[in-house]
Amino acid sequence: MSRQTIIVIDGPAGAGKSTVAKGLAKKLGLAFMDTGAMYRALTLKALRQKINLEDEAALVLLAQGAEIDLVNEPGRPLKVFLDGEDVSEAIRSLEVTNNTFYIARTPGVRHVMVDLQRRMGEKQPLVGDGRDLGTVVFPQAAFKFYLDADFKVRCQRRIDELKAKGEGVDEEALSKDLAERDRKDFTRKVGPLKKADDAIVIDSTRMSIDEVIETLARHITAKK
Ligand code: DC
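These numbers come from a predicted model, not from an experiment.

Colleague: Got a minute to help me understand the overall build of the chain in this structure?
Modeller: The number of helices and strands found in the chain is 9 helices and 8 strands. Compactness check: the chain gives a C-alpha radius of gyration of 17 Å against a globular reference of 17 Å for 224 residues, within 12% of the reference. Taken along the three principal axes of its C-alpha coordinates, the chain extends 50 × 40 × 35 Å. Out of the 224 residues belonging to the chain, those deemed buried represent 47%. The long-range fraction of contacts in the chain, counting pairs at least 24 apart against all pairs at least 6 apart in sequence, stands at 73%. Charge separation in the chain, taken as the distance between the mean sites of 37 positive and 35 negative side-chain charges, equals 3 Å.

Put into structure tokens, the structure is as follows:
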């Protein structure tokens, strides 16, 4: 794989992007770039500093001053560092999940994040997952995938994930939250969730994670 090989997977929440991107990166021996984790880390920082999430200028300053690192170690889950602290767990809280849209909708913040993501891509070949990777961050990516799944299946996957972690689930609230996240992702003025014209669409509704990874790997091998 050449230094410049960038593989991107965009799609809505709950379609399985992160798990697939992680698995594909492992299979191909590439780094994994979880861009959602980067927006989450910044949200955590804003919440901790009690910054007004409607204050665009403050959020941009915060983004410019934040040090966000993704650390890939062979055989271990991706670690997310914020200003030197491991926040891999903290960024998965409901509070962070529910507030990330403030960060993600702010154009100046996206600018900083997109820059950082591009620099990561210049350093190493990688598999990235997000919303705008094929359209904005890496329009020249060697391989672009758009991973989708029916809304009900995406909800069920989230429910199963939370249950597996031993967390209580309010299924109706979760379904409403996911619908709201979809709406915000699709309608954001900057970097909305959008399929790139040249992306390969994979509908994972009736597929296992392994089947999706295999399908993506086949596309990649066929084109190489
Ligand atoms: O993939 P995720 O659920 O961890 O993403 C968290 C949030 O970040 C979600 O609200 C969408 C946003 N996001 C984004 O705006 N652009 C990206 N490239 C990745 C995530």
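Colleague: Hey, could you run me through the nonpolar core in this one?
Modeller: One broad rule of soluble globular proteins: the nonpolar side chains tend to lie buried together. Among the nonpolar cores identified, the biggest contains 60 residues, and Leu42 and Ile68 are the most heavily contacted of them. In terms of residue count, helix H2 (residues 35-48) provides more of this core than any other element does, 8 residues in total. Filtering out sequence-adjacent residues up to four positions away, Leu42 remains in contact with Leu62, Ala63, Ala66, Ile68, Ile103, Val109 and Met113. One finds Cys155, Ile159, Leu174 and Leu178 within the second-largest nonpolar core, a separate group that totals 5 residues.

Colleague: Any chance you could explain H2 here in plain terms?
Modeller: Because an α-helix completes one turn every 3.6 residues, residues spaced three or four positions apart along the sequence face the same direction. The first and last C-alpha atoms of H2 sit 20 Å apart over 14 residues, in line with the 20 Å expected at 1.5 Å per residue. Of all 14 residues making up H2, 12 are buried, and the element is well covered by its neighbours. All buried positions along H2 are accounted for by Thr35, Ala37, Met38, Tyr39, Arg40, Ala41, Leu42, Thr43, Leu44, Lys45, Ala46 and Leu47. Where H2 begins, one side-chain oxygen reaches toward the backbone nitrogen of Gly36, 3.2 Å away; that side chain belongs to Asp34. Lys50 lies just past H2 and shows a positive phi near 50°.

Colleague: So what exactly am I meant to see when it comes to unusual backbone geometry here?
Modeller: Negative phi is the rule for most residues except glycine; trans is the rule for most peptide bonds. Although it is not a glycine, Lys50 adopts a positive phi angle of roughly 50°. Position of Lys50 relative to the elements: it lies in the loop between H2 and helix H3 (56-65). Taking relative accessible area as the criterion, Lys50 reaches 73% and is therefore assigned exposed. The backbone of Asp83 shows a phi angle near 45°, a positive value even though the residue is not glycine. Position of Asp83 among the secondary structure elements: in the loop between strand E4 (79-82) and strand E5 (85-86). Classification of Asp83 by relative accessible area gives partly exposed; the value is 38%.

Colleague: How do you make sense of the sheet that holds E5 when you look at a structure like this?
Modeller: Strand pairing in a sheet is mediated by backbone hydrogen bonds. Such pairs are either parallel or antiparallel. Reading across from one edge, E3-E4-E5 is the order of the 3 strands in this open sheet, with antiparallel pairing throughout. Each end of this open sheet is capped by a strand with a single partner; those strands are strand E3 (68-71) and E5. Judged from the 4 bridges that link them, E3 and E4 form a sheet pairing that is antiparallel. Within E4, the residue paired with Val71 across the bridge is Lys79. Across the sheet, H2 touches E3, E4 and E5, and the angle it forms with E4 is around 35°.

Colleague: Help me out: how do you make sense of the site of the ligand in this one?
Modeller: Near the ligand you find 14 residues, and of these Arg40, Arg110, Arg131, Asp132 and Arg181 are the closest. A distance of 2.9 Å separates a nitrogen atom of the ligand from a polar atom in the side chain of Asp132. Considered on its own, the ligand offers 450 Å² of accessible surface; in the complex 96% of this is hidden by protein. Of all the elements in the fold, those that place two or more residues in the shell around the ligand are H2, helix H4 (94-104) and helix H8 (171-187).

Colleague: Explain the packing of aromatic side chains to me, please; I cannot follow it from the model alone.
Modeller: What describes a pair of aromatic rings is the distance from one ring centre to the other and the angle between the planes of the rings. Across all of its chains, the model carries 1 aromatic pair by this definition. Between the NZ or CZ atom of Lys184 and the centre of the ring of Phe101, over which it lies, the distance is 3.6 Å.

Colleague: Please clarify how the sheet that holds strand E6 (residues 126-130) should be interpreted in this entry.
Modeller: With parallel pairing, the 5 strands of this open sheet are ordered in space as E2-E6-E1-E7-E8. The sheet is open, and its two edges are formed by strand E2 (31-34) and strand E8 (200-203), each paired on a single side. Across the sheet, the axes of successive neighbouring strands diverge by a mean angle of 20°, strand direction being ignored. Bridging between strand E1 (residues 6-10) and strand E7 (residues 143-148) involves 4 bridges; their strand directions are parallel. When the bridges of E7 are listed, Asp10 appears paired with Tyr146. Here helix H1 (residues 17-28) sits on the sheet and contacts E1, E2, E6 and E7; the angle it forms with E6, its principal contact strand, is near 180°.

Conventions and cut-offs
- Here the residue index of a chain counts from 1 through its sequence in written order.
- Thresholds applied to this predicted model are a pLDDT of at least 70 for local features of residues and 80 or more for the giving and counting of side-chain atom pairs; totals over whole chains, interfaces and linings are not thresholded and use all residues.
- Side-chain metrics rest on all non-hydrogen atoms present in the structure, leaving aside hydrogens and water.
- Put simply, DSSP marks the helices as runs of H or I at least four residues long and the strands as runs of E at least two long, and each gets a number from the N terminus on.
- Note that the radius of gyration is over C-alpha atoms, with the globule rule given as 2.2 Å times the number of residues to the power 0.38.
- In this scheme, a residue with accessible area under 20% of its type's maximum is buried, one over 50% is exposed, and one in between is partly exposed, where area comes from a 1.4 Å probe on protein chains only.
- Note on contacts: a residue pair qualifies if any of its non-hydrogen atoms lie within 4.5 Å across the two residues.
- When charges are counted, Lys and Arg are positive and Asp and Glu negative, with His and the chain ends excluded.
- Lys charges are placed at NZ, Arg charges at CZ, Asp charges at CG and Glu charges at CD.
- Note on terminology: a nonpolar core comprises buried Ala, Val, Leu, Ile, Met, Phe, Trp, Tyr and Cys residues joined through side-chain atoms within 4.5 Å.
- What a helix should span is 1.5 Å times the count of its residues minus one.
- Each polar contact in these results corresponds to two N or O atoms within 3.5 Å; when the atoms are within protein, one needs to be able to donate a hydrogen and the other to accept it, and residues that are neighboring in sequence are counted only if both atoms are side-chain atoms.
- Pairing between two strands is assigned when DSSP locates at least 2 bridges connecting them.
- To obtain an axis, a line is fitted to C-alpha atoms, over the contacting stretch when the element is a helix, and the angle between two such axes runs from 0 to 180 degrees between their N-to-C directions.
- Definition of nearness: a residue and a molecule or strand are near each other if at least one heavy atom of the residue lies within 4 Å of the molecule or strand.
- Shrake-Rupley sampling with a 1.4 Å probe provides the accessible areas, and residues are treated as covered by the protein chains on show and by no other component.
- Geometry of aromatic contacts follows a simple scheme: Phe, Tyr and Trp rings, the Trp one being its six-membered ring, pair when their centres are within 6.5 Å, and the pair is stacked under 30 degrees between planes, edge-to-face over 60, tilted otherwise.
- Charges are assigned to positions over rings by a cutoff of 6 Å between ring centre and Lys NZ or Arg CZ, combined with an angular limit of 35 degrees from the ring normal.

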